[in-house]
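Observations on the three-dimensional arrangement
Each chain, letter by letter, is given below.
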Amino acid sequence: MLCACCRLNDNLSGPLAALRKAARAVGTAAADAKLGVNVDEFVDRFRPELMEASAAWARGARFADVLNVTPDVFEGSLVRAVRRTEELMRQVAGSLRGVGDIDLAGKFDDASAKIKRDIIFAASLYL
């Protein structure tokens, strides 16, 4: 279920539903293994607040425009989320290469390159 602040477009509603379905399967498996996981709480931890902003950034939007997509989110929170996403994508690409799936690793590399740009990845704001 989405909170009132999240206005996902149709392109992102489907992926969010798929993510939550997969999270429910993982949470159920963890609960079945008696790992002390509350399935509903586990699924609710996958929050959509930055999905729209992250998608806009990946499509090449300017940082100021991306901030307008999520006016209640601090700039630093968005920067941190995009940087962590890029790091995760690099790690997944490396793992995929390790198991021999070069094509999928290339897709992760391409997606990583789309978000690793401009001010979010500047070494310093004092140039």
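See the structure shown above.
Residues numbered from 1 in each chain as written. Predicted model: local features only at pLDDT ≥ 70, side-chain atom pairs only at ≥ 80, totals over all residues. Heavy atoms only, no water.

Now for the overall build of the chain. Scanning the chain for helices and strands turns up 6 helices and 0 strands. Oriented by its inertia axes, the alpha-carbon framework of the chain measures out at about 55 × 40 × 30 Å. When each of the 127 residues of the chain is scored for burial, the buried share is 25%. Excluding contacts between residues fewer than 6 apart, the proportion of contacts in the chain whose partners are at least 24 apart in sequence is 50%. Counting only carbon and sulfur atoms, one obtains 57% of the accessible surface of the chain, whose full area is about 8,800 Å². Across the chain, the mean location of the 18 positive side-chain charges is 2 Å away from that of the 17 negative side-chain charges. (Helix = DSSP H or I, 4+ residues; strand = E, 2+ residues; numbered from the N terminus. Buried < 20%, exposed > 50% of the residue type's maximum accessible area, 1.4 Å probe, protein only. Contact = heavy atoms within 4.5 Å. Areas by Shrake-Rupley, 256 points an atom, 1.4 Å probe, with all protein chains shown as cover. Lys, Arg positive; Asp, Glu negative; His and termini not counted. Charge placed at Lys NZ, Arg CZ, Asp CG, Glu CD.)

Enumeration over the complete set of coordinates arrives at 2 aromatic pairs. When the ring of Phe42 is compared with that of Phe46, the centres are 5.6 Å apart and the planes differ by 75°; the resulting orientation is edge-to-face. When its relative accessible area of 22% is taken as the criterion, Phe42 is described as partly exposed. When the centroid spacing of 6.2 Å and the interplanar angle of 90° are considered together, the rings of Trp57 and Phe63 count as edge-to-face. Summarising the burial analysis for this pair, Trp57 and Phe63 share the class buried. Over the aromatic face of Trp57 sits the side chain of Arg117, whose NZ or CZ is 3.7 Å from the ring centroid. (Phe/Tyr/Trp six-rings, centres within 6.5 Å; stacked < 30°, edge-to-face > 60°. Lys NZ or Arg CZ within 6 Å of the ring centre and 35° of its normal.)

On to the nonpolar core, then. Judged by nonpolar contacts, Ala53, Ala56, Trp57, Phe63, Val66, Leu67, Leu78, Val82, Met89, Ile115, Ile120 and Phe121 together constitute the single largest core of 12 residues. Where this core is concerned, the elements lending two or more residues are α3 (51-58), α4 (63-69) and α5 (75-98). Residues within four places of Ile120 in sequence aside, it is in contact with Trp57, Phe63, Val79, Val82 and Arg83. (Core = buried A, V, L, I, M, F, W, Y, C linked by side-chain atoms within 4.5 Å.)

Bringing helix α1 (residues 10-32) into the picture now. For α1, spanning 23 residues, the distance from its first C-alpha to its last is 33 Å, which sits close to the expected 33 Å at 1.5 Å a residue. Looking at the buried residues of α1, the elements they touch are α2 (39-44) and α3. Here α1 starts with a cap whose side-chain oxygen sits 2.9 Å from the backbone nitrogen of Asn11, and that cap is Asn9. Once α1 ends, the next one or two residues include Lys34, with phi positive near 60°. (Expected span 1.5 Å × (residues − 1). Polar contact = N/O pair within 3.5 Å; in protein donor to acceptor, adjacent residues only side chain to side chain.)

A few words now on unusual backbone geometry. Of note in this structure, Lys34 is not a glycine but carries a positive phi near 60°. The topology assignment puts Lys34 in the loop between α1 and α2. Positioned with a positive phi, Asp118 is a non-glycine residue whose angle comes to about 55°. In this structure, Asp118 sits in the segment after α6 (102-115). Using a relative accessible area of 52% as the deciding quantity, one classes Asp118 as exposed.

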